[in-house]
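Single-letter residue listing:
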Amino acid sequence: MSRSEELFKRAVERIPGGVNSPVRAFGSVGATPRFIEKADGAYMTDADGKSYLDFISSWGPMILGQNHPAIRESVIKACENGLSFGAATEKEVEMAELICEIVPSVEMVRMVNSGTEAVMSAVRAARGYTGRDKIVKFMGCYHGHSDALLVQAGSGVMTAGIPDSAGVPAGCTADTLSAVYNDLASVETLFETFPEEIAAVIVEPLAANMGVVVPKEGFLQGLRALCTKYGAVLIFDEVITGFRLGIDGAQGYYGVQADLTTFGKIIGAGMPVGAYGGKREIMERVAPVGPVYQAGTLSGNPVAMAAGLTQLRILKENPQVYTDLNEKGTWFFGEMRRIVEEAGKPWQVNAEASLGSLFFTGTPVVDYASAKTSDTAAFSDYFKYMLEKGVYLGPSQFEAMFLSAAHTREELSGVLELLADYLKK
Ligand SMILES: *Cc1c(COP(=O)(O)O)cnc(C)c1O
């Protein structure tokens, strides 16, 4: 038995499914999870000493690669001053100023501890600001695991086939309306039905939790126009796309401004951090200035802020990181597409910048329904082949591949060769 198998045996006795987040489980691909001991650059090493080229980047945060020396040093330095104060610190001010400088639509921001919290709080702020209850979300988008948003959600619940989680009272989702991604008409219909009841439309501006699904031309602009017309708050959930598609996230990349934006993942550089922010008049509804209550014992934690600030500053001061990363992604996913086509397979490669997915379906994937046409058994076979060859992909058809600045073209070429070999099998 390998060390990972031994650890898994112990883990399942005491942790549900042996993992602290379902997306880490290998159950849906018929394997046991690798227990990771350490990571550096583009590689993770498991408890048996085997190294893997890392395509999850901790699900996005490690955009500069694992164990970045400057980030590590900033964390060590912050630790020397104490781990948490439960009181205001200078670093939180610096973080807020930096985010507002980077993301033009954000005038004020509140730090939290996860993407889930960021979204849950942004939705509350939008409801408090508009005095309305209903929210619109898109099938296949994932916005964390808060009750109101576990409706036909993506990511782990989609993998597990439980998009509407047990344990969520019907009352909690009664005001959640579902729309079809990339289908403006589906949103328009909801607004026509409830013209004065919709507080917010929340969307992943580039969907990356049903695999990667790119927004069609005009989709985000259309959402912007509908929200403006009906007085609803447009929330971009940029927990993945924020500071990834470019320094100013999907808003800069697609040229559409949200009213509220949620952040996570990259913002903490691997520490548990989330944030939500946007228009001053909405954010000033949040306590202690306004009546919308939201709080956090460890929010704005100094060690987490140090990590996030260092990563964001590096990204801001080195725009070349994005030029290189996005070019590398365009090349890599383009080559994947070419290899799949040459092998005569009908499969889809959806990609944008440093995010991409290979869907095992002949149907173009533009929304939740088309993503679900994928042959997940075929994905599992491919996943296991790649893992065996030392490539760590997300263990689900419905997760993205995340490239980081640490992946070299040589390493990526090696992966393309593996794919070509696999398709010849
Ligand atoms: C990961 C993710 C979340 C949830 O963030 P957590 O930190 O896991 O709570 C929310 N929205 C999107 C788009 C995500 O990808």
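The shown structure was predicted, so the numbers you read here are calculated from the model rather than taken from an experiment.

*Asks:* Kindly report on the layout of surface pockets, identifying the contributing residues and their values.
*Replies:* By volume, the second largest pocket is sized at about 360 Å³. Lining the second largest pocket are 19 residues, with E92, R110, M111, S299 and G300 positioned closest to its centre. Put simply, the parts of the chain that give the lining of the second largest pocket at least two residues each are helix 3 (90–102) and strand 4 (108–112). If you tally residues by element for the lining of the second largest pocket, the top one is strand 4, at three residues. Looking at the lining of the second largest pocket, its residues break down into eight nonpolar, nine polar and two charged.

*Asks:* Help me get a handle on the pairing of strand 11 (residues 348–352), residues and values and all.
*Replies:* On a regular strand, one side chain projects to one face of the sheet and the next to the other, so that they alternate. By the criterion of burial, strand 11 is predominantly enclosed, with five of the five residues buried. Sheet topology note: the strand 11/strand 12 (residues 355–359) ladder contains five bridges and is antiparallel. Paired with Q348 across the bridge in strand 12 is F359.

*Asks:* Outline the sheet that holds strand 14 (residues 401–402), listing residues and values.
*Replies:* Overall, antiparallel pairing links the three strands, which are arranged 11-12-14 in an open sheet. The sheet terminates laterally at strand 11 and strand 14, the two strands that pair on one side only. Bridging between strand 12 and strand 14 involves two bridges; their strand directions are antiparallel. Opposite G356, over in strand 14, you have M401 as the bridge partner.

*Asks:* Requested: an account of the pattern of salt bridges, with residues and values cited.
*Replies:* By the definition in use, this model includes 13 salt bridges. In this structure, the salt-bridge partner of D175 is K134, at a minimum N-O distance of 3.3 Å. In this pair, D175 is assigned in the loop between helix 6 (170–173) and strand 6 (176–179) and K134 in strand 5 (residues 134–138), connecting sequence segments 41 residues apart. Taking relative accessible area as the criterion, K134 reaches 11% and is therefore assigned buried. A salt bridge links R280 to E284, with the nearest nitrogen and oxygen atoms 3.9 Å apart. The class for E284 is partly exposed, based on a relative accessible area of 37%.

The rules behind each value
Residues numbered from 1 in each chain as written. Predicted model: local features only at pLDDT ≥ 70, side-chain atom pairs only at ≥ 80, totals over all residues. Heavy atoms only, no water. 1 Å grid on protein atoms, 1.4 Å probe; cavity = no way out; pocket = protein on both sides within 12 Å on 5 of 7 lines; lining within 4 Å. Points joined across faces, edges and corners; volume = space filled by probe spheres on them. Helix = DSSP H or I, 4+ residues; strand = E, 2+ residues; numbered from the N terminus. Nonpolar A, V, L, I, M, F, W, Y, C, P; charged D, E, K, R; others polar. Buried < 20%, exposed > 50% of the residue type's maximum accessible area, 1.4 Å probe, protein only. Pairing = 2+ DSSP bridges. Salt bridge = Lys/Arg side-chain N within 4 Å of Asp/Glu carboxyl O.

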